[in-house]
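Fold and geometry: a report
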Amino acid sequence: MSDQALGSTGQILVTQAALDVYADVRGLRTEEARRELTILLTGARRASTQPATGAEGWRARSRALRVDVDAHVVREGALAVVTHVHVRPLVSRGGGPSRERREERRRERGRS
């Protein structure tokens, strides 16, 4: 399995169907969603499991956007055509006792 990013394998083209799914989950307008998804997928890595459809499976995560995206990509010449995406919100790890203490101190400072 190659460690190459999707953006280095060819030009990325996002289909309307994939865009609609991403925009709906993220609550974005079309052009904003197209821009965000294309930038996110530029750094996508090949997924460990590949779709049964014969498409290539790619995965991208962003802590900043708090999103995890699986993409199905079909090659058409030099184009990497994103035909489908599955979008999940990234859930932050709970933190733990030290995080809880920091948050408690912040709340106490805010009361002073």
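Read on for a plain summary of the structure. Sequence order as written defines the numbering, with residues in each chain counted from 1. With pLDDT at 70 or above as the cut-off, local features in this predicted model cover only qualifying residues; side-chain atom pairs require 80 or more to be listed or tallied, and sums for whole chains, interfaces and linings still use all residues. Computation of side-chain values covers all heavy atoms of the structure but excludes hydrogens and water.

**A few points about the nonpolar core**
Among the nonpolar cores identified, the biggest contains 23 residues, and Leu6, Tyr22, Leu41, Val69, Val82 and Val85 are the most heavily contacted of them. In DSSP terms, a helix is any run of H or I states spanning at least four residues, a strand is any run of E spanning at least two, and both are numbered starting from the N terminus. When residues of this core are traced back to their parent elements, those giving at least two are strand S1 (11-14), helix H1 (16-26), helix H2 (30-42), strand S3 (56-62), strand S4 (67-76) and strand S5 (79-89). A contact between two residues is defined here by any heavy atoms of the two lying within 4.5 Å. In contact with Val82, not counting residues within four places along its chain, are Ile12, Leu13, Val14, Thr15, Ala18, Leu41, Ala71, His72 and Val73. Nonpolar cores are built from buried Ala, Val, Leu, Ile, Met, Phe, Trp, Tyr and Cys residues. Side-chain atoms within 4.5 Å join them into one set. Burial classes follow relative accessibility: with a 1.4 Å probe on protein chains only, a residue under 20% of its type's maximum area counts as buried, one over 50% as exposed, and anything between as partly exposed.

**Describing the environment of Gly7**
As for its placement among the helices and strands, Gly7 is situated in the segment before S1. Once the C-alpha coordinates of Gly7 and Thr42 are considered, the two residues, 35 residues apart in sequence, prove to be 4.0 Å apart. When sequence neighbours within four positions are dropped, the list of residues in contact with Gly7 reads Ile12, Leu41 and Thr42.

**A word on the sheet that holds S1**
Pairing between two strands requires that DSSP report at least two bridges joining them. In space, the five strands of this open sheet follow the order S1-S5-S4-S3-S2, with mixed pairing throughout. If you trace the sheet from one side to the other, it starts and ends with S1 and strand S2 (45-46), each paired once. Sheet topology places S1 next to S5; four bridges connect them, and they run parallel. Paired with Leu13 across the two strands is Val81, which belongs to S5. Note on method: axes are straight lines fitted to C-alpha atoms, helices fitted across the in-contact stretch only, with angles between N-to-C directions ranging 0 to 180 degrees. Relative to the sheet, H1 contacts S1, S4 and S5, its axis offset from that of S5 by approximately 25 degrees. Strand contacts of H2: S1, S3, S4 and S5, with the helix running at about 140 degrees to S1, the strand carrying the most contacts.

**As for the pairing of S5**
With 10 bridges joining them, S4 and S5 adopt antiparallel strand pairing. For Asp70, the partnering residue across the bridge sits in S5 and is His86. In this antiparallel pair of consecutive strands, S4 and S5, the connection spans two residues, and Gly77 shows a positive phi of 65 degrees.

Remember that the coordinates give geometry; whether it matters functionally is a separate question.
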